[in-house]
Amino acid sequence: MLQDELRKIPSVDKLLHDPVLAKLASETGSELVTYSIRLVLETEREKVFNGSPANGLNEIIREVKRHIHRVTGFDFKSVINATGIILHTNLGRAPLGKELLKEIEPVLTGYSNLEFDLHTGKRGDRNDHISHLLKFITGAEDALVVNNNAAALLLILKVFAEKKEIIISRGELIEIGGSFRISEIMKAGGAKMIEVGTTNRTHLSDYENAITKDTRIIFKIHHSNYFIGGFSKEVEILELSHLAKKHNLLLVYDTGSGLLKKPVFTKHIEEPDVRSGISNGADIVTFSCDKLLGASQAGLIVGKKDLIKQLAKAPLMRALRVDKFAIVTLHAILKYYLKEEELVKKSPVFMMMNRSKNDLLLFAKKLSDLLKLHDVNSEVIESKAQCGGGALPEHEFESIAVKLLFAKKDKDFEDRLFKSLLRYEQPVLGILRAGEILFDVFTLQEDELTSIADAVKSCLKTLQV
């Protein structure tokens, strides 16, 4: 019995001559295909020795293909976001947009003056490319860029509060993406966290009563990925600033979502901004770059010049510094703030947040008409879009969605279609809710509408509908 099952497992040579795998070998190289075959066959043998039957030839070939794709990154694809969530964490948060990529292409495709001062002919500092812009936009004395916002907090703790006390409200002990908690970051930074107040109410006296000779930082966190309503209270930055100065402490403010300043054209945003944090007395403000700022992943630290200088010279900074892509992308986005109407034209995040209901309706009707050309019935309905990505948790944007309509099908039909759309050549992520598939147009670009209609047609054909 065991030998019979083992004999069903094909040889390496037989698989190498399979047309599908031979084609992959011509694309990726025979060495990788042979390597993947050997791994899959070894797994097959182990399975048989453990008492399971061997897979058939077709399933083994599929598994070899899957392994090759995992190695080569063939599964890393552009995804059409029809969820209505702007900063979708699982989809890479802020999209950069074609305009920005066009602007930064010349700098990235060749050499650049990333760390070269063209005025003096000597070595420069990569941070200089964005620090002057940030000082102008936020009103801070200086700025520093690191890997992400968690890295910014870690650096601050290591430099200013290792083996010292940090006071923080219990209502601000947030957990960020990937199950990382502020308390764990503080522990990694070597600081002792002193919790004050309660989950829903913290008073200025709670902070003051907790100050000891070992206290170094008063830490304020904007809980940008959730909100507390009802019977609640938190202490404002201005009050904390007076308290920190009175006791010669640092006031560090993590604004999280990265709104640099209140855009004059955006009526939707009720979110603390970096400029206000600085003007209200925070010594250091930190925030993410791939949320409301609309750039690639990075973390920014702005604040007092002498403090930023200490952070920049810290040994840990070498491990936390960003590459040229992050600097160039950030520089391009920050330049849009010099002329705010450029944000709406070129930043996908602000462009989406400022779409009119009429524009959304036109998008939805166009998508519905395209689906009808493929004999797919749909309905244009009201919807609610969200910012997502740990920003504006209370706010919903008025939006429009297209709901697919089908005659009565088997109970898991919509689920199978939804998953089929995810496996399409250009995956489409819509909304599967209560057995219905919807495409929210809030997060769509016009050139994606045809792609969605084509994907639905192709997937329905695959499902033999």
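Everything numeric here is computed off the predicted structure, so don't read it as measured data.

Draft legend 1. Expanded view of the overall build of the protein. Within the protein, the regular secondary structure consists of 20 helices and 17 strands. Along the first, second and third principal axes, the C-alpha set of the protein runs to 80 × 55 × 55 Å. Counting across all 465 residues of the protein, residues that qualify as buried make up 47%. Total accessible area on the protein is roughly 23800 Å²; 51% of this is exposed by carbon and sulfur atoms. Side chains of the protein give 65 positive and 63 negative charges; the mean places of these two sets differ by 2 Å.

Draft legend 2. Representation of the environment of Glu342 in the model. Considering the arrangement of structural elements, one finds Glu342 in helix H16 (residues 341-346). In contact with Glu342, other than residues within four places in its own chain, are Tyr336 and Ser347.

Draft legend 3. Expanded view of the pairing of strand S12 (residues 299-303). A large share of S12 lies buried, amounting to five of its five residues. Residues Gly299, Ile301 and Gly303 line one face of S12 and the alternating positions Leu300 and Val302 line the opposite face, and both faces are buried. Bridge analysis of strand S4 (residues 142-146) against S12 gives five bridges, and the strand direction is antiparallel. Residue Asp142 lies in a different strand from S12, and its bridge partner there is Gly303. Direction of pairing for strand S11 (residues 284-288) relative to S12: antiparallel, over a ladder of five bridges. By the bridge assignment for S12, Thr286 is matched with Ile301.

Draft legend 4. Quick peek at unusual backbone geometry. Despite not being glycine, Lys163 shows a phi value in the positive range, around 65°. Considering the arrangement of structural elements, one finds Lys163 in the loop between helix H8 (149-160) and strand S5 (165-169). A positive phi angle, near 60°, is found at Asp375, a position not held by glycine. Within the secondary structure layout, Asp375 lies in the loop between helix H18 (357-373) and strand S13 (377-386).

Draft legend 5. Focus on the packing of aromatic side chains. The full count for this structure, using the stated rule, is three aromatic pairs. Between Tyr337 and Phe350, the ring centres sit 6.5 Å apart and the planes meet at 90°, which makes this aromatic pair edge-to-face. Of this pair, Tyr337 sits in the loop between helix H15 (324-336) and H16 while Phe350 sits in helix H17 (residues 348-353); the two residues are 13 residues apart in sequence, bridging distant segments of the chain. Residue class for Tyr337 comes out buried when judged on its relative accessible area of 2%. By relative accessible area, which is 0% here, Phe350 ends up buried.

Draft legend 6. Local environment of the state of the cysteines. Counting across every chain of the model gives zero disulfides. Of the cysteine sulfurs around Cys289, a residue in no disulfide, the closest is that of Cys387, at 15 Å.

Draft legend 7. Representation of helix H13 (residues 305-313) within the structure. Listed as buried for H13 are Leu307, Ile308 and Leu311. Buried residues of H13, viewed axially, fall in a sector of 95°; they line one side. Of the surrounding elements, those touching the buried residues of H13 are S4, H8, strand S10 (250-256), S11, S12 and helix H14 (317-320).

Draft legend 8. Expanded view of a nonpolar patch on the surface. Taken together, Tyr35, Leu39 and Val71 make up a surface patch of nonpolar side chains, about 280 Å² in accessible area. Mapped onto the elements of the fold, Tyr35 is located in helix H4 (residues 30-49). Overall, the relative accessible area of 47% leaves Tyr35 in the partly exposed class.

Draft legend 9. Layout of the nonpolar core. With 93 residues, the main nonpolar core has Leu260, Leu293, Leu300, Leu330, Leu334, Phe439 and Val456 as its most contacted residues. Here this core gets eight residues from one element, more than from any other, and that element is H15. If you look at the next biggest cluster of nonpolar residues, it comprises 30 residues, including Leu155, Ile221, Leu307 and Leu320.

Draft legend 10. Broad picture of H15. With 13 residues, H15 ought to run about 18 Å at 1.5 Å a step, and its terminal C-alpha atoms sit 19 Å apart, in line with that. Regarding H15, the residues found buried are Ala326, Ile327, Val328, Thr329, Leu330, Ala332, Ile333, Leu334 and Tyr336. Residues of H15 that are buried sit in contact with helix H6 (98-109), helix H7 (128-138), S4, S12 and H16. For H15, the N-terminal capping position is held by Asp323, with its side-chain oxygen 3.3 Å away from the main-chain nitrogen of Phe325.

Draft legend 11. Region of interest: the packing of helix H19 (residues 413-422) against helix H20 (residues 449-462). For the pair H19 and H20, interaxial distance at closest approach is 9 Å and the crossing angle is 120°. Classified by the angle between their axes, H19 and H20 sit oblique to one another. Between H19 and H20 lies a crossing whose hand is right-handed. Counting all contacts with H19, which are made through Phe413, Leu417, Ser420 and Leu421, the residues of H20 involved are Ala455, Val456, Cys459 and Leu460. Classifying every residue of the contact of H19 with H20 gives seven nonpolar, one polar and no charged.

Draft legend 12. The layout of surface pockets, seen in detail. Put simply, the largest pocket is a space of about 1100 Å³. The wall of the largest pocket is formed by 35 residues, among which Pro95, Leu96, Gly97, Pro348 and Glu448 lie closest to the centre. Among the elements of the structure, strand S1 (80-81), H6, H16 and H17 are those that each provide at least two residues to the lining of the largest pocket. Per-class residue counts for the lining of the largest pocket are 14 nonpolar, 12 polar and nine charged.

Analysis parameters
Residues numbered from 1 in each chain as written. Predicted model: local features only at pLDDT ≥ 70, side-chain atom pairs only at ≥ 80, totals over all residues. Heavy atoms only, no water. Helix = DSSP H or I, 4+ residues; strand = E, 2+ residues; numbered from the N terminus. Buried < 20%, exposed > 50% of the residue type's maximum accessible area, 1.4 Å probe, protein only. Areas by Shrake-Rupley, 256 points an atom, 1.4 Å probe, with all protein chains shown as cover. Lys, Arg positive; Asp, Glu negative; His and termini not counted. Charge placed at Lys NZ, Arg CZ, Asp CG, Glu CD. Contact = heavy atoms within 4.5 Å. Pairing = 2+ DSSP bridges. Phe/Tyr/Trp six-rings, centres within 6.5 Å; stacked < 30°, edge-to-face > 60°. Disulfide = S-S within 2.5 Å. Arc of directions from axis to C-beta. Patch = residues over 30% accessible without salt bridge, like charges linked within 9 Å, V, L, I, M, F, W, Y side chains within 5 Å. Salt bridge = Lys/Arg side-chain N within 4 Å of Asp/Glu carboxyl O. Core = buried A, V, L, I, M, F, W, Y, C linked by side-chain atoms within 4.5 Å. Expected span 1.5 Å × (residues − 1). Polar contact = N/O pair within 3.5 Å; in protein donor to acceptor, adjacent residues only side chain to side chain. Axes fitted to C-alpha atoms, helices over the stretch in contact; angles between N-to-C directions. Parallel < 35°, antiparallel > 145°, perpendicular 65-115°, else oblique. Left-handed = near helix turned anticlockwise from the far one by under 90°. Nonpolar A, V, L, I, M, F, W, Y, C, P; charged D, E, K, R; others polar. 1 Å grid on protein atoms, 1.4 Å probe; cavity = no way out; pocket = protein on both sides within 12 Å on 5 of 7 lines; lining within 4 Å. Points joined across faces, edges and corners; volume = space filled by probe spheres on them.

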